[in-house]
Amino acid sequence: MNHLARLFPIVVFMLLAGMLLAGLLLPGERSDVPSPLLGGEVPAFSLEGLGEDGGFSDADLREDVALVNVWASWCLPCRAEHPILEELSCVGGLELYGLNYKDTRENAEAFLQELGNPFTRVGLDENGFVGLDWGVYGVPETFVVGNGRVLYKHVGPLSRKHVTDELAPLFRSLNLDAACLGDDAG
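These lines cover the structure that appears in this document, whether it is placed above or below. (Residues numbered from 1 in each chain as written. Predicted model: local features only at pLDDT ≥ 70, side-chain atom pairs only at ≥ 80, totals over all residues. Heavy atoms only, no water.)

1. Re the nonpolar core
Put simply, the test is: By nonpolar core we mean a set of buried residues, namely Ala, Val, Leu, Ile, Met, Phe, Trp, Tyr and Cys, connected to one another through side-chain atoms within 4.5 Å. For every residue, the accessible area obtained with a 1.4 Å probe (protein chains only) is divided by the maximum for its type, and the residue is called buried under 20%, exposed over 50%, and partly exposed between those limits. Under the scheme used here, helices are H or I runs from DSSP no shorter than 4 residues and strands are E runs no shorter than 2 residues, and both carry numbers assigned from the N terminus. It only takes one pair of heavy atoms within 4.5 Å for two residues to be counted as in contact.
Leu-61, Trp-71, Leu-88, Leu-99, Trp-134 and Phe-171 are the most contacted members of the largest nonpolar core, which totals 49 residues. No other element matches the six residues that strand S3 (residues 65-71) contributes to this core. Leu-99 has contacts with Leu-47, Phe-56, Val-68, Asn-69, Val-70, Trp-71, Gly-123, Asp-125, Val-130 and Trp-134, leaving out every residue within four places of it along the chain.

Spelled out as structure tokens, the structure:
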């Protein structure tokens, strides 16, 4: 009986560790993380810009349709999704804004210099406070905003499948010209 009492905490620990590991390693979507912002207004903020950009604020998101991508130079999935963002920059009527999260100005500028800048404007959120207001869990995250309201949120890197299955239909429903995304995107 004494041996079982000693083994019990180890067994419980192993079960919990196994569940945590399975949650991290098994395929699944991080994009189903709920967001209290969905359907609500964008939070009030103002960000200083990178490079020659004047930055951006919530006022820039009050009209028309915008995609806000939260990224950082130190984020490997951000690097992987960057070609998708460049592809999305062709959508007529869509403004792309980059929210550079917990990064340095120098590293963010070097990232965009190396990979290209698909964004209309990029705001620098060095301390992460604006990201917190947006409910950011980690980078990358992508929001679609229409007339100041959050219409869509995706957690994790965007893929071609997300563009085809989720974003292109959303863009069509918002009367944006997404023909450049290909026949399957409308």
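Picking up after the structure, the text goes on.
2. Regarding the pattern of salt bridges
Rule in force here: Whenever a carboxyl oxygen of Asp or Glu lies within 4 Å of a side-chain nitrogen of Lys or Arg, that contact is scored as a salt bridge.
Applying the stated criterion across every chain, the model contains nine salt bridges. Between Glu-141 and Lys-153 there is a salt bridge, and its shortest N-O distance comes to 3.4 Å. Taken together, the residues span a long stretch of sequence, with Glu-141 in strand S6 (residues 141-146) and Lys-153 in strand S7 (residues 149-155) at a distance of twelve residues. For the pair shown, Glu-141 and Lys-153 are each scored as buried. A salt bridge links Asp-165 to Lys-161; its shortest N-O distance comes to 2.5 Å. Residue Asp-165 and its partner Lys-161 are located together in helix H5 (residues 160-173), separated by four residues, close to a single helical turn.

3. Observations concerning the pairing of strand S1 (residues 46-49)
Threshold: We call two strands paired when DSSP finds no fewer than two bridges between them.
Bridging between S1 and strand S2 (residues 56-57) involves two bridges; their strand directions are antiparallel. In the strand pairing of S2, Ser-46 is matched with Ser-57. Hairpin geometry of S1 and S2 is characterised by an intervening segment of six residues between the two adjacent antiparallel strands and by a positive phi of about 55° at Gly-51. Sheet topology note: the S1/strand S5 (residues 121-125) ladder contains two bridges and is antiparallel. Bridge pairing links Glu-48 to Leu-124 in S5.

4. Looking at the packing of helix H2 (residues 76-88) against helix H3 (residues 105-115)
Just so we agree on the cut-off: Whenever a helix is involved, its axis is fitted only over the stretch in contact; in every case the axis is a line through C-alpha atoms, and angles between N-to-C directions fall within 0 to 180 degrees. When an angle is under 35 degrees it counts as roughly parallel; over 145 it counts as roughly antiparallel; between 65 and 115 it counts as roughly perpendicular; any other value is oblique. By definition, any crossing whose near helix is turned counterclockwise from its far helix by less than a right angle is left-handed, and any crossing with a clockwise turn is right-handed. Three classes are used, and their members are as follows: Ala, Val, Leu, Ile, Met, Phe, Trp, Tyr, Cys and Pro are nonpolar, Asp, Glu, Lys and Arg are charged, and the others, Gly among them, are polar.
Relative orientation of the contacting elements H2 and H3 amounts to 55°, with a least axis distance of 11 Å. By the criterion of interaxial angle, the relationship of H2 to H3 is oblique. With respect to the hand of their crossing, H2 and H3 are arranged in right-handed fashion. Between H2 and H3, the contacting residues are Cys-78, Arg-79, His-82 and Glu-86 on the first element and Phe-111, Leu-112, Glu-114 and Leu-115 on the second. When its residues are assigned to classes, the contact of H2 with H3 shows four nonpolar, one polar and three charged.

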